[in-house]
Amino acid sequence: MKKQILAVALSASMAAGLSGVSVYAADDTYTVGICQLVQHEALDAATQGFKDALTDAFGDKVTFDEQNAQGDSNTCSTIINDFVSDEVDLILANATAALQAAVAGTSDIPILGTSVTEYGVALDLDDFDGTVGGNVSGTSDLAPLDQQAAMLNELFPDAKNVGLLYCSAEANSQYQVDTVKAALEELGYTCEYYAFSDSNDLSSVVNSAASECDVIYVPTDNTAASNTEIINNICAPAGVPIIAGEEGICEGCGVATLSIDYYDLGVATGEMAVRILQDGEDISTMPIEYAPNFTKKYNPALCEELGVEVPDDYVPIGEEAEADDEAAEETADTAETEEAAGEDAAAAEDTTEAAETEEAADGETAEEDTTETTETEETAEEGGAEEDAAAEAE
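Below or above, wherever it landed, is the structure these notes cover.

About the criteria used
- Residues numbered from 1 in each chain as written.
- Predicted model: local features only at pLDDT ≥ 70, side-chain atom pairs only at ≥ 80, totals over all residues.
- Heavy atoms only, no water.
- Helix = DSSP H or I, 4+ residues; strand = E, 2+ residues; numbered from the N terminus.
- Buried < 20%, exposed > 50% of the residue type's maximum accessible area, 1.4 Å probe, protein only.
- Contact = heavy atoms within 4.5 Å.
- Pairing = 2+ DSSP bridges.
- Right-handed = clockwise from strand over helix to strand, strands pointing away.
- Core = buried A, V, L, I, M, F, W, Y, C linked by side-chain atoms within 4.5 Å.
- Axes fitted to C-alpha atoms, helices over the stretch in contact; angles between N-to-C directions.

The helix and strand inventory of the protein stands at 14 helices and 13 strands. Burial statistics for the protein: of 394 residues in total, 44% are counted as buried. In the protein, the proportion of contacts linking residues at least 24 apart, taken out of those at least 6 apart, comes to 72%.

Most of strand 4 (residues 111–116) sits inside the fold, with 6 of its 6 residues counted as buried. Both strand 3 (residues 90–94) and strand 4 contribute to a ladder of 4 bridges, which runs parallel. Paired with Ala 93 across the two strands is Gly 113, which belongs to strand 4. Handedness of the crossover joining strand 3 and strand 4 through helix 4 (residues 96–105): right-handed. Examined bridge by bridge, strand 4 and strand 5 (residues 136–140) share 4 bridges and lie parallel to one another. Note on strand 5: the bridge partner recorded for Leu 112 is Ser 137.

Attention now goes to the nonpolar core. Judged by nonpolar contacts, the single largest core of 30 residues is most densely connected at Leu 184 and Ile 243. Once residues lying within four places of it in the same chain are set aside, the contact partners of Leu 184 are Ala 149, Leu 152, Val 162, Leu 164, Tyr 189 and Cys 191. Counting 29 residues, the second largest nonpolar core, distinct from the first, contains Phe 83, Val 88, Ile 111 and Val 136.

With that settled, consider the sheet that holds strand 11 (residues 289–290). Within a beta sheet, neighbouring strands are joined by backbone hydrogen bonds and run either parallel or antiparallel to one another. Spatial strand order, 2-1-3-4-5-11: 6 strands in an open sheet with parallel pairing. Strands at the two margins of the open sheet, each flanked by one partner only, are strand 2 (62–68) and strand 11. Helix 3 (residues 73–86) rests against strand 1 (30–36), strand 2 and strand 3 of the sheet, and its axis sits at about 170 degrees to strand 1. Helix-sheet contacts for helix 12 (residues 262–277) involve strand 1, strand 3, strand 4, strand 5 and strand 11, and the interaxial angle to strand 4 is about 170 degrees.

Right, dumping it as structure tokens:
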């Protein structure tokens, strides 16, 4: 039934085309509604990148109504209904459930998704060709799934049994594990699904996977991302490594991932929003955009704990952030040095001016003393002359 509702809503949206999507003047102000499914590192970064891109373009002319559904798809629907009532200018739907709620909630307001893996699966589009149409577009966080399977094979060529751990309530997770399973089976692995419905049955499912598998694959999955500590506390002591679909999950419980930058993905989504709001671009013709770069990354602490050796072309998770912090510290140090140098120069200048002032004052004092002495001598000479004249007169 839910798929039927989505399909009907999306069909109505496509039929409406641009007729229900407004074009805005350059001097307008904008209100953007943000519906984020759940709070975790990847989604948070995407939201921040989106906001930064819009703020860079519009400054204080854009305001955000940012709402978090705390992992509840029904709450997503409530949030979207509020946005529709408030007549926001654009909706950011961060994650699949948020996108589904937005599509069901409005065919008029432009909707941009982000952190959505496969739009055709999320919106039940049988003929999806890369462009959703209607009032919907956005960005995808899909990393090449065949390359993720190849990464597992590169790091664990001798493994036999691979567990596919995912939340059955997330359609995009099902798509990912299906695709990775096919790729891994071609490489000779035996794969088994380990699906949990929500966080309540996660521990029991992870325990089963850890006891029966050599390696576990966890896709880009919002429920898993919010519960990496539970997964790690079971798998790490059992000595079972995890290949993760994205960096946030890998940092929490995985050994390696093929990573994208979710902040950059959010920026790309924000730039799409600018083209819609400022330039009047037709959202119905805008294809879904994908992350341009992927990086092999690994979790140094967990790899060391589990004795996993990674090739030289893998980058430690956190290295880029540390490099940014170091660069920021160097910039701050340079600024402090320049400031100190400026203060020293100013102090030296003040000292020079003070010396010149004292020198000038001494010079003026000396001239005054000389003048006074001269005047005294002249007075004395005049007095002596007068005395001589008086003596001659007598």
